[in-house]
Every structure is written in C-alpha cells, then in structure tokens.
Amino acid sequence: MSPPCHTSALLLAFMALAVAGAEQSEERSCDVIGDESSESQMERALLKKLEPLSHMRFNVTVEKDKTENYIYHFRVCREVNSTSHDFGGLVQTDRQSGKTTVIGRINETQVFNGSDWIMLIYKGGDSYGRHCSGEKRRAVIMISCKRGVTASSFSIISEEREKEQECFYLFEMDSSVACPAENSHLSVGSILLITFVSLIAVYIIGGFLYQRLIVGAKGMEQIPHFAFWQDLGNLVADGCDFVCRSKPRNAPAAYRGVGDDQLGEESEERDDHLLPM
C-alpha cells in the first residue's frame, strides 16, 4: 500500500473510532412505552420536567438479615452503568455476592403526576425467580414535592412480591421538580398601582432628561411641564382653602388684641374745672 493510501486508511479508522466513542459516551435517556408516534405529550413534558435530576445518582442500602443485604442504585432517566448497555435505571447489588439485578429499565418507562407528585415507573427488569410467577421486575418511584430541595431522601418503602402478578419495588424521594408552579400573589389593585408608579417614574425621569439635555432648562424649570404643575398646585391650594374654612372670610375675630388703632381718639371733655385755679 502506498504511503498516501496508508495515511488515508489511518485517518478513516481514527474517524470511525471517534464517532463510535462519541456514540458510547452519549447516555441514553428514558423511552416511554409505546411507539414514538403514539407517545403521550403529557409524559414527554413530565420527562422534560425531570431532566434537572438526570445528572444525579441515588443510592440506598437495605439490610434485613444476614441473607438480604442490598444496595439500590437509581438514576432519573439515565443508565446506572452506561458501559453495560442494559438500560438499567434502577439496579440492585448484593453486597455479599456482588451480583447485580436490574429492577427496572429506562427503555420501558411510564410517568404520570398529580398536584404535587410525580410517579416514575421503570418496567422490564430482570425476571423473578420463585416469586410473582417469574414475571419481570418493576420499580415504582414516587417523587414528592419539597420546595427548595433539588433532590433528597431517596429510600425504599417496600417490595411487593407475595402476589402472583403485578409485583413491584416502591421507592420515594423528595424534589422541587414535582412542585406546581407558584401563582403570583399580587392582586389586581397591586398590579395597577405598580403600573401607575412605573409610568410616573418614566414620566418624571424622561421629562427631566428632555428638559435638561434637549431644552437646556436649569433649576426648577427642569421639572417636566413645570408651569402646569405650578398652576395646578395653586388651584388645589385655593380649593382646599375654600372648602376647608369653617367660617366666612370677613367674620370678625372672637378676640382681637389691643392696638393703637383701637384706642380711639382722646375725648374732648376734660375735667380741667376740677383743678384748683
């Protein structure tokens, strides 16, 4: 093989390895049960709502006795072990033997919700042995609303395996993603008041800048429509003076101080005749 052909072959091999590595590094996500054309829009919306939890890993240890000592590994819409490519979203590990059992797979997902909770179900797990007629395992994860917490308190509630069919593992956790959107507590009056104050602020600031920068006004003249507000203030003052006075303007005062104008002129009569000549 000539050197150019050899170089091209190496380049193609390198590109193929890079594409394969990129495909392996991309983690698989939840796939709801059913054909893609018939998938529920509500389920898609809920899976998107759970997306902030997809980068987190959750573990819980359960030790009943010497024969049952397990660790449960859980991820939201991601494989617990992406290298195994088993779609395991919730996996049980026996701490004594190291054996792993897939409880539920993300390629068989169901999801629905209530007012303050989301139920995530992984089906298609490894088959039971003696229990539940040998059907496939199923994991049910109840995600309850807890504001201010991204995710916490992951725990197993029970394992229902004494039935003939429809057995399941039940888990629960708290997360703010399950909480409903908070409604605004502002009343109509508050909204109108905020709007009015905002308009007043825009009017004052905008008018001030216009008067100062465009018109070139100084001092009090920088206030927008200064003459109008001045006249309005005078009219309001006159109206208040007219309405609020409790007596006529020309009524004499009840008490007037003694001044020079009240002394009057001195009487012409004198008692000079009483003086001795």
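Below, the structure is looked at part by part. (Residues numbered from 1 in each chain as written. Predicted model: local features only at pLDDT ≥ 70, side-chain atom pairs only at ≥ 80, totals over all residues. Heavy atoms only, no water.)

**Points about the state of the cysteines**
Thinking step 1. Tallied over the full model, the rule gives three disulfides.
Thinking step 2. Across a sulfur-sulfur distance of 2.1 Å, Cys30 and Cys77 are joined as a disulfide pair. Since a negative S-S torsion denotes a left-handed disulfide, the Cys30-Cys77 link at about -100 degrees is left-handed. Here Cys30 is found in the loop between α1 (3-25) and α2 (41-49), whereas its partner Cys77 is found in the loop between β2 (69-75) and β3 (88-94), with 47 residues between them in sequence. Note on accessibility: Cys30 and Cys77 belong to one class, buried.
Thinking step 3. For Cys132, the disulfide goes to Cys167, at an S-S distance of 1.7 Å. Taking the torsion about the S-S bond as the criterion, the Cys132 to Cys167 disulfide, at about -100 degrees, is left-handed. One end of the pair, Cys132, is in the loop between β5 (117-124) and β6 (139-145); the other, Cys167, is in the loop between β7 (152-160) and β8 (168-175), and 35 residues separate them in sequence. (Disulfide = S-S within 2.5 Å. Helix = DSSP H or I, 4+ residues; strand = E, 2+ residues; numbered from the N terminus. Buried < 20%, exposed > 50% of the residue type's maximum accessible area, 1.4 Å probe, protein only.)

**Quick notes on the nonpolar core**
Thinking step 1. Core analysis: the biggest nonpolar cluster contains 34 residues, and Leu50, Tyr72, Phe74, Leu90, Leu120, Tyr122 and Ile141 have the highest contact counts within it.
Thinking step 2. If you list the elements that add at least two residues to this core, you get α2, β1 (57-63), β2, β4 (100-113), β5, β6 and β8.
Thinking step 3. Other than its neighbours up to four places away in sequence, Tyr72 contacts Phe58, Asn59, Val60, Val62, Leu90, Val91, Gln92, Ile103, Phe154, Ile156, Tyr169 and Phe171. (Core = buried A, V, L, I, M, F, W, Y, C linked by side-chain atoms within 4.5 Å. Contact = heavy atoms within 4.5 Å.)

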